[in-house]
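Descriptive structure summary
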Amino acid sequence: MDQIQIDKIKDLIEYERQRKAPPKNFPKFPDLPGKRYTDKDFFELEKENLWKKTWLLAGHLDEIPKVGSYKLWEKTGQPVILVRKSAKEVNAFYNMCRHRGAAIVREEYGQAKSLVCGYHGWNYNYDGDLIGKRDPQDFVDFDDSCRSLHKIKIELLGNLIFVNFDLDAISLKESLGPIYDEFKEFQLGSLRLVDQYSYDVKCNWKIAMEANLEVYHVQSIHPKTVHVGLDYKGNVNTFYPNGHGRMIAPSRSYPELPVYGSTSDSDPNATSYHPVPQSSKRLGIDPTDSDPRPEIETAGYIARTCTQSYNLMPNLVTPMSERGFPILMWWPKTINECSFDVMWIAPDWGEGERPPIWDSQIKAFNDVLDEDLQFGGWIQKAVDSYAFDGVPLSYQEARIYHWHQEADKIIGLNKIPQDLQTNQVMGDDWTYPNDMENRLKEYNSK
Ligand code: FES
Ligand SMILES: [Fe+2]
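About the thresholds
- Residues numbered from 1 in each chain as written.
- Chains lettered and ligands numbered in written order.
- Predicted model: local features only at pLDDT ≥ 70, side-chain atom pairs only at ≥ 80, totals over all residues.
- Heavy atoms only, no water.
- Helix = DSSP H or I, 4+ residues; strand = E, 2+ residues; numbered from the N terminus.
- Buried < 20%, exposed > 50% of the residue type's maximum accessible area, 1.4 Å probe, protein only.
- Contact = heavy atoms within 4.5 Å.
- Expected span 1.5 Å × (residues − 1).
- Bend = angle between axes of the 7 residues up to and from the residue.
- Polar contact = N/O pair within 3.5 Å; in protein donor to acceptor, adjacent residues only side chain to side chain.
- Donors = N, O, S within 2.8 Å, 3.2 Å for Na, K, Ca; no water.
- Domains from an automatic or database assignment.
- Buried area = accessible area lost by both parts, 1.4 Å probe.
- Salt bridge = Lys/Arg side-chain N within 4 Å of Asp/Glu carboxyl O.
- Nonpolar A, V, L, I, M, F, W, Y, C, P; charged D, E, K, R; others polar.

**What about the side chain of glutamine 5?**
Among the secondary structure elements, glutamine 5 is positioned in helix α1 (residues 3-18). Of the residues examined, glutamine 5 reaches a relative accessible area of 17% and is grouped as buried. The contacts of glutamine 5, once residues within four sequence positions are left out, are Tyr432 and Met436.

Below, the structure written as structure tokens:
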């Protein structure tokens, strides 16, 4: 993030802290239809459009470290195999033999010289080409070149593996727009996998995800954790094209850089140790301890002093910071159950086990997630009730409305029944960069 952007964000934090009402001309949100969380047809529309046509994080290169390593990935219900073709290339296919549809691989992870179907032995290379089959003479006039494994679009964002089931989809870079460059300071190509785990949650996937698209809840459900370190009143939301979003919420130490300890290199001018309140991203770390973990040196001032969290359409949220960070994803299982996955990535700590400080950070973060998840099942009961009609959202919760509005565009407005649609109330004037400029104009005119 360049200095001009940083200066704008600093002004916007002040704007948010001082404002007495939403920005001038900011749209008032109609209620979100409650049936978006319960309707079978809407669930199918999501499946056929959101999950089929957007870029999804399917894994990390560390999971398939060697040529021939593979990963079976079925988070969307589609059978997918990711195969490491070379140091820099990964291919993705439907895990589905072109003979009679048997699974090519059946373990979650493995390594193979080629991909051999266990049913009748058809053999495919890492590009998915059919390179051999048993008793070929019995397949008359048969063209092997038409029987390659069905491909899935794949792109690497650093070490992160993204897939898209739509072969005509725009590139990941194009989809991310300005976020692609904003991510550069985090050096995603050098971050290794620290941990991965998953929760089953008894609510619609969007209900669980939405707890991570606003900070309006912080004071109520995180009074002793996030609220201690995060100034939610200074939060700055940004609304990008294609449904992506960003929040930047100052930590209580802002505008000062936090100091981890007397040996901290994050504040070379610190002459003596002065503890700072723990921000949400540093929960679980005793500020009197120096942090042995290497830093992403290029991580900028905002990432170091604020929670800089992105939401990528459709289901990814990542609060990025300089010592490494989690990537959160929600995947539907049924209409009212989802899987909530967490992947942690960080700069290389060298040989051996990860520094033990990770254990306390991850545990503390998971405690916060438990706080976030506590209402999921209750809200599901509510949306399933006879009385639930809609969701009124405030300015602070605008990223939720923006997400739904943009999801409707991706699904196709003409496909969604009228009573399930959102109104398209956030136009270009509230899409990046105009959303920032509008608020800055107001701030500077005072
Ligand atoms: S189903 Fe794969 S070889 Fe027959
Ligand atoms: Fe939360």
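From this point, the narrative continues.
**Focus on helix α2 (residues 40-53)**
Over its 14 residues, α2 runs 19 Å from end to end, which matches the ideal 20 Å to within 8%, given 1.5 Å per residue. Residue glutamate 46 marks the point of greatest curvature in α2, where the axis turns by about 35 degrees. Residues of α2 that are buried sit in contact with β2 (56-60), α5 (205-210), β17 (325-334) and α11 (398-411). One side-chain oxygen at the N-terminal end of α2 lies 2.9 Å from the backbone nitrogen of aspartate 41; it belongs to aspartate 39.

**Considering the coordination of the iron ion (ligand 2)**
Of the protein atoms, only His217 (NE2), His222 (NE2) and Asp372 (OD) coordinate the iron ion (ligand 2), at distances of 1.9 to 2.1 Å. As a motif over one chain, the donors of the iron ion (ligand 2) read H-x4-H-x149-D. On the criterion of sequence distance, the pair formed by histidine 217 in the loop between α5 and α6 (218-221) and aspartate 372 in helix α9 (residues 357-373) is long-range, its members being 155 residues apart. Assigned by exposure class, histidine 217 and aspartate 372 land together as buried.

**What to know about the domain arrangement of the chain**
How big an interface is tends to be stated in terms of accessible area lost as the parts join. According to the domain assignment, the chain contains domain 1 (3-55 + 177-444) and domain 2 (58-168). Between domain 1 and domain 2, the C-alpha centre-to-centre distance is 33 Å. Contacts between the two partners involve 23 residues from domain 1, matched on the other side by 20 residues from domain 2. Summed over both sides, the interface between domain 1 and domain 2 buries roughly 1700 Å², with carbon and sulfur atoms accounting for 65% of that surface. When the buried surface of domain 1 facing domain 2 is broken down by residue, Trp55, Leu188 and Trp331 rank first, second and third, together holding 36% of it. For the pair domain 1 and domain 2, the number of links is one salt bridge. The salt bridge partner of lysine 75 is aspartate 341, with a shortest N-O separation of 3.1 Å. Its residues placed into classes, the side of domain 1 that touches domain 2 shows 13 nonpolar, six polar and four charged.

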